[in-house]
Amino acid sequence: MKYCIINDLMPFEFHDSAWKLETFEAGALALRVKELNLHRDAAQNPCGCDMEIEEARMTFEGVQILTHTPSVRWKDDAAGISRPVEAIVTYTGEPAAERLLHELRRGINVFSMEETNGRCKICACGDDPYFEAEFSAETVRIEWNALRGPAWYESRRQ
């Protein structure tokens, strides 16, 4: 690939990116990512605005899937406050990994991705209309060859 950023997620905007599992072997999780945006101030962005990457490969090496929290139904109570109808369950360990990998095999749309203290948290939808997952990785590598055009939100900035 022509461009590569290692262990730095700051140059990217993950909102509305589409992730699909490529491989998961020997502790390395490789994903095909579309609709990933590169910020205007990234060294690899020669344009004056945030740009959409044509297609990226995102690899998490030494990955550990920590949690997976599927969606539950919510309902407004008498005071108009939205509350979960059933218990919110957070899976850990192997059940969390199985659930996240199932979603990634089918393909997910990511609403957000945050990294704090070496842990990545995503909020996304796939088969499950909304879920959250946390994982850690020793190395994160994002590679791509070309930019497609301005990010979808650039036309809305005016």
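Let us look at the structure shown here. (Residues numbered from 1 in each chain as written. Predicted model: local features only at pLDDT ≥ 70, side-chain atom pairs only at ≥ 80, totals over all residues. Heavy atoms only, no water.)

**Describing the layout of surface pockets**
In step 1: In this model, the largest pocket occupies a volume close to 310 Å³.
In step 2: Forming the walls of the largest pocket are 20 residues, and the residues nearest its centre are L9, M10, M113, E115 and C120.
In step 3: Mapped by element, the contributors of at least two residues to the lining of the largest pocket are β2 (12-13), β12 (108-116) and β15 (139-144).
In step 4: Ranked by the residues each element gives to the lining of the largest pocket, the list is headed by β12, at five residues.
In step 5: Along the lines of polarity and charge, the residues of the lining of the largest pocket split into nine nonpolar, six polar and five charged. (1 Å grid on protein atoms, 1.4 Å probe; cavity = no way out; pocket = protein on both sides within 12 Å on 5 of 7 lines; lining within 4 Å. Points joined across faces, edges and corners; volume = space filled by probe spheres on them. Helix = DSSP H or I, 4+ residues; strand = E, 2+ residues; numbered from the N terminus. Nonpolar A, V, L, I, M, F, W, Y, C, P; charged D, E, K, R; others polar.)

**Some points on the sheet that holds strand β14 (residues 131-136)**
In step 1: Judged by pairing direction, the sheet is antiparallel, and its ten strands sit side by side in the order β1-β15-β7-β4-β3-β12-β13-β14-β8-β11 without closing on themselves. Each edge of the open sheet is held by one strand with a lone partner, namely β1 (3-6) and β11 (91-92).
In step 2: Bridge count for strand β8 (residues 64-70) against β14 is six bridges, and the pairing is antiparallel. Note on β14: the bridge partner recorded for T69 is E132.
In step 3: On top of the sheet, helix α1 (residues 93-106) reaches β3 (17-25), β4 (28-34), β8, β11, β12, β13 (119-125) and β14; it is set at about 75° to β8, its chief contact. (Pairing = 2+ DSSP bridges. Contact = heavy atoms within 4.5 Å. Axes fitted to C-alpha atoms, helices over the stretch in contact; angles between N-to-C directions.)

**Considerations on unusual backbone geometry**
In step 1: At D16, a position not held by glycine, the phi torsion is positive, near 70°.
In step 2: Of note, N117 is a non-glycine position whose phi angle comes to about 50°, a positive value.
In step 3: The topology assignment puts N117 in the loop between β12 and β13.
In step 4: A relative accessible area of 76% places N117 in the exposed class. (Buried < 20%, exposed > 50% of the residue type's maximum accessible area, 1.4 Å probe, protein only.)

**So, the side chain of E103**
In step 1: Structurally, E103 can be placed in helix α1.
In step 2: Buried charge without a partner: E103 forms no salt bridge, and the closest opposite charge is R99, 6.7 Å away. (Lys, Arg positive; Asp, Glu negative; His and termini not counted. Salt bridge = Lys/Arg side-chain N within 4 Å of Asp/Glu carboxyl O.)

**A closer look at the environment of I81**
In step 1: Locating I81 in the fold gives a position in the loop between β9 (74-76) and β10 (82-84).
In step 2: Sequence-wise, I81 and E138 are 57 residues apart; in three dimensions their C-alpha atoms are separated by 41 Å.
In step 3: Excluding residues within four positions of it along the chain, I81 makes contact with K75 and D76.

**What to know about the packing of aromatic side chains**
In step 1: This structure, assessed with the given rule, holds seven aromatic pairs.
In step 2: Relative to F14, the ring of F12 has its centre 6.1 Å away and its plane inclined at 50°; by these criteria the two rings are tilted. Comparing F12 with F14, the two get one shared label, buried.
In step 3: Seen in terms of ring centroids, F14 and W19 are 6.4 Å apart; in terms of plane orientation they differ by 75°. Their pairing is edge-to-face. The same class applies to F14 as to W19, namely buried.
In step 4: Sitting over the face of the ring of Y91, R99 holds its NZ or CZ atom 3.9 Å from the ring centroid. (Phe/Tyr/Trp six-rings, centres within 6.5 Å; stacked < 30°, edge-to-face > 60°. Lys NZ or Arg CZ within 6 Å of the ring centre and 35° of its normal.)

**A short note on the nonpolar core**
In step 1: The biggest cluster of nonpolar side chains holds 35 residues, and the ones touching the most others in it are W19 and I142.
In step 2: Broken down by secondary-structure element, the contributors of at least two residues to this core are β3, β4, β7 (56-61), α1, β12, β13, β14 and β15.
In step 3: Ranked by residues supplied to this core, first place goes to α1 with five residues.
In step 4: Contacts of I142, omitting those with residues within four sequence positions, involve Y3, C4, I5, L9, F12, F14, L36, A56, R57 and M58. (Core = buried A, V, L, I, M, F, W, Y, C linked by side-chain atoms within 4.5 Å.)

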